[in-house]
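Listed here are the chains, written in short residue letters.
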Amino acid sequence: MIIRVLGSAAGGGFPQWNCNCRNCAGVRHGTLRTRARTQSSLAVRGSAPHDWALVNASPDILAQLQAHPELQPARAARDTAIAGIVLVDGQVDHTTGLYMLRESVRPLPVWCTAQAHADLTRGNPIFGVLGHYCGIEWHALSVDGDEFTVAGVAGVSWRALAVASKPAPYSPHRAAPQPGDNVALVIADRASGRAALYAPGLGAMEEGLWQAMQRAACVLVDGTFWSDEEMIGLGLSKKRARDIGHLPQSGRGGMLEWLERLPAGTRRVLIHINNTNPILDEDSAERAELTRRGIEVAWDGMEIEL
Ligand code: MLT
Ligand code: MN
Ligand code: ZN
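Residues numbered from 1 in each chain as written. Chains lettered and ligands numbered in written order. Predicted model: local features only at pLDDT ≥ 70, side-chain atom pairs only at ≥ 80, totals over all residues. Heavy atoms only, no water.

Now, about unusual backbone geometry: what can you tell me, with residues and values included?
A cis amide bond, omega 0 degrees, links Phe 14 with the succeeding residue Pro 15. The topology assignment puts Pro 15 in the loop between β1 (2-7) and α1 (22-29). Phi is positive for Ala 74, close to 55 degrees, though the residue is something other than glycine. With respect to the secondary-structure elements, Ala 74 resides in the loop between α2 (61-67) and β4 (82-86). Accessibility expressed as a relative area gives 57% for Ala 74, which makes it exposed. Even without a glycine there, the phi angle at His 272 is positive, about 60 degrees. In this fold, His 272 is placed in the loop between β12 (267-271) and α10 (285-292). For His 272, a relative accessible area of 4% puts it in the buried group. (Helix = DSSP H or I, 4+ residues; strand = E, 2+ residues; numbered from the N terminus. Buried < 20%, exposed > 50% of the residue type's maximum accessible area, 1.4 Å probe, protein only.)

See the structure below:
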């Protein structure tokens, strides 16, 4: 199984169009040792060479497809290697790319929870709008840990686990999160039995998720913010990381403490990185701290083979 990181940044991307924070200005002017990053998405391939699952449909999907020619195998006049789309939530940065796939010659096969489906039908009715184009073929994701498969993506088994986070800001129940608003995915290679756990939005650690993280060969987890008050400190927002469903890396109970407790052989990767996060600067003290702890920072094009 191959996991290809198509987009490693959080909503807004890096640089963000209207942002002049130290990181965004630095990447724009080439004065910071870093790389630009697109918004949050993976592609996953099993034993069939031309069939990939898209995990989240980023607003940057068209640029991501151009950057990864293997996703266009050109077997017919209209073709794609995307066999199905799995959504971890209904957030704008994970779903807007569905609009860019509206020319599909068949309804888009989409896996998401009932909660995400409701939000994408009412609060942000993407699914209704797509009904006027290719339509979608919805596959309901259960958060009970039931195994599912994405048709065409051979040799890969999937499970979704509810995570404590937040539904999208447009959701009618933004203030009252429900299990199923956000999921983590356990993506396993059937032959090797090795699994990756992907959780780009993770507001708090819960027992079921923690158990699954300890069993994974690789974790790709919420790397949005270094500190809880990151956006407040920069004068960019009044909200803490935890208020918007993201566990910060530093501080008591932060992501670094959890990653420290994983089995020694676990590959640890931070993903869905906000443009304000100092870990994007490869010369920062925070990045050095990650290196010391054996934690990687995802980048667009990163490949993980399991
Ligand atoms: C999030 O991860 O909290 C959201 O994607 C933020 C956003 O929609 O910009
Ligand atoms: Mn996001
Ligand atoms: Zn910025």
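Can you break down the pairing of strand β8 (residues 156-162) residue by residue, with the values?
In terms of burial, β8 is largely enclosed, as five of its seven residues are buried. Pairing analysis gives three bridges linking strand β7 (residues 144-148) to β8, with the strands arranged antiparallel. Bridge pairing in β8 links Asp 144 to Leu 161. Where β8 meets strand β9 (residues 183-189), seven bridges bridge the pair, whose relative direction is antiparallel. Bridge pairing links Ala 160 to Leu 185 in β9. (Pairing = 2+ DSSP bridges.)

Lay out the site of ligand 1 with the relevant residues and their values.
Taken together, Gln 91, Asp 93, Ile 244, His 246 and His 272 are the residues near ligand 1. Contact distances for ligand 1 include 2.8 Å between an oxygen atom and a side-chain N or O atom of His 246. Broken down by class, the residue content of the shell around ligand 1 amounts to one nonpolar, three polar and one charged. (Near = heavy atom within 4 Å. Polar contact = N/O pair within 3.5 Å; in protein donor to acceptor, adjacent residues only side chain to side chain. Nonpolar A, V, L, I, M, F, W, Y, C, P; charged D, E, K, R; others polar.)

I'd like a rundown of the coordination of the manganese ion (ligand 2), residues and numbers included.
On the protein side, the manganese ion (ligand 2) has Asp 93 (OD) and His 272 (NE2) as donor atoms, found 2.1 to 2.2 Å from it. Of this pair, Asp 93 sits in helix α3 (residues 92-95) while His 272 is found in the loop between β12 and α10, placing the two residues 179 residues apart along the sequence. (Donors = N, O, S within 2.8 Å, 3.2 Å for Na, K, Ca; no water.)

An account of the pattern of salt bridges is needed here, citing residue identities and associated values.
The tally for this structure, following the rule as stated, stands at 14 salt bridges. Residue Asp 79 pairs with Arg 75 through a salt bridge whose shortest N-O separation is 2.9 Å. Between Arg 190 and Glu 147 there is a salt bridge, and its shortest N-O distance comes to 3.0 Å. Placement of Arg 190 in the loop between β9 and β10 (195-199) and of Glu 147 in strand β7 is noted, with a sequence separation of 43 residues between them. (Salt bridge = Lys/Arg side-chain N within 4 Å of Asp/Glu carboxyl O.)

I'd like to hear about the side chain of Arg 4, residue by residue, with values.
Residue placement: Arg 4 occurs in strand β1. Residue Arg 4 is classed as buried on the basis of its relative accessible area, which comes to 12%. Discounting chain neighbours no more than four positions away, the residues touching Arg 4 are Leu 42, Ala 43, Trp 52, His 68, Glu 70, Gly 301, Met 302 and Glu 303. (Contact = heavy atoms within 4.5 Å.)

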